[in-house]
Amino acid sequence: MVGGAVEGNPDAAVSTFAKIEEAGPDAITFLANPKYTHHIYDTQASVVLVRRDFEPERPVSATMIRVDDPYDTLSRLLEFAAQALTPQPSGVEQPCYVAEGVDVPADAYIGAFAYIGAGACLGKGVKIYPQAYVGPGVTLGEGTVVYPGAKIYHGCRIGARCIIHAGAVIGSDGFGFAPTADGSYHKIPQIGIVEIADDVEIGANTTVDRATMGATRIGRGVKLDNLIQAAHNVEIGEHTVMAAQAGVAGSTKIGAHCMVGGQVGFAGHITVGDRVGLAAQSGVAHSIPAGAKMMGSPAIDARDYMRQTVYIKRIKELADRISALERASKSDK
Amino acid sequence: MVGGAVEGNPDAAVSTFAKIEEAGPDAITFLANPKYTHHIYDTQASVVLVRRDFEPERPVSATMIRVDDPYDTLSRLLEFAAQALTPQPSGVEQPCYVAEGVDVPADAYIGAFAYIGAGACLGKGVKIYPQAYVGPGVTLGEGTVVYPGAKIYHGCRIGARCIIHAGAVIGSDGFGFAPTADGSYHKIPQIGIVEIADDVEIGANTTVDRATMGATRIGRGVKLDNLIQAAHNVEIGEHTVMAAQAGVAGSTKIGAHCMVGGQVGFAGHITVGDRVGLAAQSGVAHSIPAGAKMMGSPAIDARDYMRQTVYIKRIKELADRISALERASKSDK
Amino acid sequence: MVGGAVEGNPDAAVSTFAKIEEAGPDAITFLANPKYTHHIYDTQASVVLVRRDFEPERPVSATMIRVDDPYDTLSRLLEFAAQALTPQPSGVEQPCYVAEGVDVPADAYIGAFAYIGAGACLGKGVKIYPQAYVGPGVTLGEGTVVYPGAKIYHGCRIGARCIIHAGAVIGSDGFGFAPTADGSYHKIPQIGIVEIADDVEIGANTTVDRATMGATRIGRGVKLDNLIQAAHNVEIGEHTVMAAQAGVAGSTKIGAHCMVGGQVGFAGHITVGDRVGLAAQSGVAHSIPAGAKMMGSPAIDARDYMRQTVYIKRIKELADRISALERASKSDK
């Protein structure tokens, strides 16, 4: 099934999955991150997935299965198990609210207290969990899952096979206000939408604001973690991955295949190229060319940042050396 | 209608709004931010709103309408369009839960699965979207909108014409615990409320905690973006604007007309004066006088911060120059 | 009742609580934080709780009650008042959704539009507020409160006397994806759960992801403020307290009795010892030994950080002194 080479007891049987340092004799585990290699010599797991080229330095009592990519193999085994372990709800629970004229596909799941507004368009196999809100005119592509209590405002368009986690809010008003002469603010209506392409995952309690005009766009395959803010008219390119609590200010365009760390902030109206990497807590005030690896607030080249950090740690020593030079210079005179 | 001076084809017709760089021939757009001026020469839009004093450097094919403030004019046009484009729900959807004795104004909207607790007081024209929670004894002023799934705990008071976006939580317990002798914590009951004045907008998934005693107060015209935390007994002055993911710790008082960037943090028990400006990701540990413009963590005067940043970027060079001086000093002896 | 020594009018009567600087004649207040001592000389409060050893420098017109710990005494008085002031809902409101076979304890509260999935196990005296979601197979211990709209995914286990605030999401999928050859990502199923021990409080809109395998664990007595992110397989030790908007990346283990400031970020796969203190906005990239007090991003020893900050503020002066030394050195030659 996994195409691996077995080393050790071929009859080892397991009934669960576990992390290598926590596994009991009933578990299969894996070794992918070298930081965890030392655990393989005393793991209680009966079976360990390892890389084909793994060379143990001491005897391993567990049965090893050598595969090309242990994490990927584990992932496939987990999928197999997930089908069995995860509840797969179906049908239409009552009471729910489905506006007149909305067509509910035969294989859809609509949970109790879910709300489907007028003119919503639901793809085959959608799962809309309890207490979710699918506003008027919203489109959900085939196989998309909307977890409990997620809210999708009117007119937004979600692609196929997307996963919207609990509490996520898609399409709330962008934060746009015009200052007035008396110091108060006048709300700018936000008449655009949010467009989410296929295969996107949106984390729990993440917010994606609708555009002032046009669309806030989340590209194909993008993965947003929990508690992220994407402001109005933001665009995020295909297969970009963003960790929890990152925030993107209005009209900023982020490229494809970027990796954004947790709590990173992007200023508004800037452009970030493809394959950019940003360490956690970076603050991005200006546009970034493709391929850059950045750290810090304000974000600079990651190697420069690390060097800078080393010198900053020594700043008292630098000051003391300046004082010593000044004393020496004085006494010379 | 907009009081502008038309320059170009006076018969140009449009059916939508768009950003200047994305507009097609069916769109009206605007030019307010000088960063976008170069787009006017090749925009596909049929009509562009520009400032009265705008002087193009090259021919503009679109029809220009000269107005005092293009962004403000656009905003008024958007409002006109928003009335037509945005669903305007009304009436009472079933099932919803309205406690006995609560008076529902004739022109109110109550969405399905909304909950209105005992003793709640609803102003004329309120809109309470599906799955929103208006706890016992809550007051909502005239024309206030509570979007899907927003939660307002018991006893909180919301003014007129407020907008509470989806997932916002108003009045959850303040984070107050007394340490005990055994190292555990004892919860301090939070018996205060949240008081939100008129014309306030609260972003999606923003949280405003109730006071331990008295009230957490959000002043008139305040605009809070998404995912903001306002802790117990915080006070935010009139017409202060705060960007997403900012956080204010307990009992801190923020003045009027402040502008707070995204991801800014305020320590507890401090006072921030009126018209203070804080750049994104600033960390405010101490009180700030009125009018200050600050940056950085810890936050300092913005000009000092920018100068500091320049020198920090050169810190390796400074260290090298110290080493050179030391070598020179040694070889002198 | 509070075991205090009365000083001043023993017949003073109060009907409410207030902060010392806001109190009227109808209020009892307290003085615990020395920053507020000056308010006691002109407070309007009729009664002030003070420490037994408090020595006023000027006459105090309010009645003082001397107690061992004014904040703790206030807390007990507040509890007494909270019982009277806070609505105590009970019974089962309709409509709600309780899956077949779920046993609802006689003294439980189930709010309208709450959802209780198949196989859920509810302890005595649980309160499940309106629009909350308790997924299939979830366990809630005795006396646990789930506020409006909180979501607990399938299979998670919550201990006794826990408080889950509105909008919190427990058990959403961990953020795990395997990169594929074409640059897209493949979702790793997250088949673990979240285990929350007894006496834990989870803030509004906080998210705690389920484990990939095994459990994300929140220890006994932990208090998490609002908008916090705890990623998959995180462990947080007993009686650790974390302020709003902090975030913990995957598989990181945080010790017991730690105090974590607001907006702090922890990298993944690190270990933080017991009794660690972290100032607001710290960024923790590496493991930390027990008892450390840290600040900054990257986080370093708090005293080193404060010293460093002093020198950084003087960096322009340091650069000027280097320039002066260089000029002197040149002119010497």
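Our structure's up above, just so we're on the same page.
Please read these numbers as outputs of a predicted model, since none were measured by experiment.

Novice: Talk me through the sheet that holds strand β7 (residues 97-98) of chain B; I want residue IDs and the actual numbers.
Specialist: Residue and element names in this part refer to chain B. Taken in spatial order, the 10 strands of this open sheet run β7-β9-β12-β15-β18-β23-β26-β29-β32-β35, and their pairing is parallel. Edge positions in the open sheet fall to β7 and β35 (283-284), since each of these has one partner strand only. Relative to strand β26 (residues 229-230), strand β23 (residues 207-209) runs parallel, the two being bridged by 2 bridges. Following the sheet pairing, Thr-207 is matched in β26 by Gln-229.

Novice: Which residues make up the interface of chain B and chain A, and what values go with them?
Specialist: Counting residues at the interface gives 65 residues for chain B, matched by 67 residues for chain A. In total, about 5100 Å² of surface goes out of reach between chain B and chain A, with carbon and sulfur atoms giving 64% of it. At the boundary of chain B and chain A, one finds 3 salt bridges. For the salt bridge of Glu-201 of chain B with Lys-187 of chain A, the shortest nitrogen-to-oxygen distance reads 2.9 Å. Secondary structure elements with two or more residues in the side of chain B that touches chain A: α1 (70-85), β25 (223-224), β28 (241-242), α2 (302-313) and α3 (315-332) of chain B.

Novice: How would you explain the pairing of strand β3 (residues 27-30) of chain B if you had to name every residue and give the values?
Specialist: Sheet faces and side chains relate simply in a regular strand, where the side chains alternate between the two faces. Residues and elements named next belong to chain B. Residues of β3 alternate between two faces, with Ala-27 and Thr-29 on one and Ile-28 and Phe-30 on the opposite face, all of them buried. Across 2 bridges, the pairing between strand β2 (residues 16-17) and β3 is parallel. The partner of Thr-16 across the bridge, within β3, is Ala-27. By the bridge criterion, 3 bridges tie β3 to strand β4 (residues 47-51) in an arrangement that is parallel. Following the sheet pairing, Thr-29 is matched in β4 by Val-48.

Novice: A description of the interface of chain A and chain C should follow, citing residues and the corresponding values.
Specialist: In this complex, chain A contributes 65 residues to the contact, which on the side of chain C involves 67 residues. Overall, the association of chain A and chain C removes approximately 5100 Å² of surface from exposure, summing both partners, and the carbon and sulfur fraction of that is 63%. If you look at where chain A meets chain C, you find 3 salt bridges. Run the count over chain A and chain C and you get 26 residue pairs in polar contact (both at pLDDT 80 or more). Taken together, the elements giving at least two residues each to the side of chain A that touches chain C come down to α1 (70-85), β25 (223-224), β28 (241-242), α2 (302-313) and α3 (315-332) of chain A. In terms of residue count, α3 of chain A provides more of the side of chain A that touches chain C than any other element does, 9 residues in total. The class makeup of the residues in the side of chain A that touches chain C is 35 nonpolar, 16 polar and 14 charged.

Calculation criteria
Residues numbered from 1 in each chain as written. Chains lettered and ligands numbered in written order. Predicted model: local features only at pLDDT ≥ 70, side-chain atom pairs only at ≥ 80, totals over all residues. Heavy atoms only, no water. Pairing = 2+ DSSP bridges. Helix = DSSP H or I, 4+ residues; strand = E, 2+ residues; numbered from the N terminus. Contact = heavy atoms within 4.5 Å. Buried area = accessible area lost by both parts, 1.4 Å probe. Salt bridge = Lys/Arg side-chain N within 4 Å of Asp/Glu carboxyl O. Buried < 20%, exposed > 50% of the residue type's maximum accessible area, 1.4 Å probe, protein only. Polar contact = N/O pair within 3.5 Å; in protein donor to acceptor, adjacent residues only side chain to side chain. Nonpolar A, V, L, I, M, F, W, Y, C, P; charged D, E, K, R; others polar.

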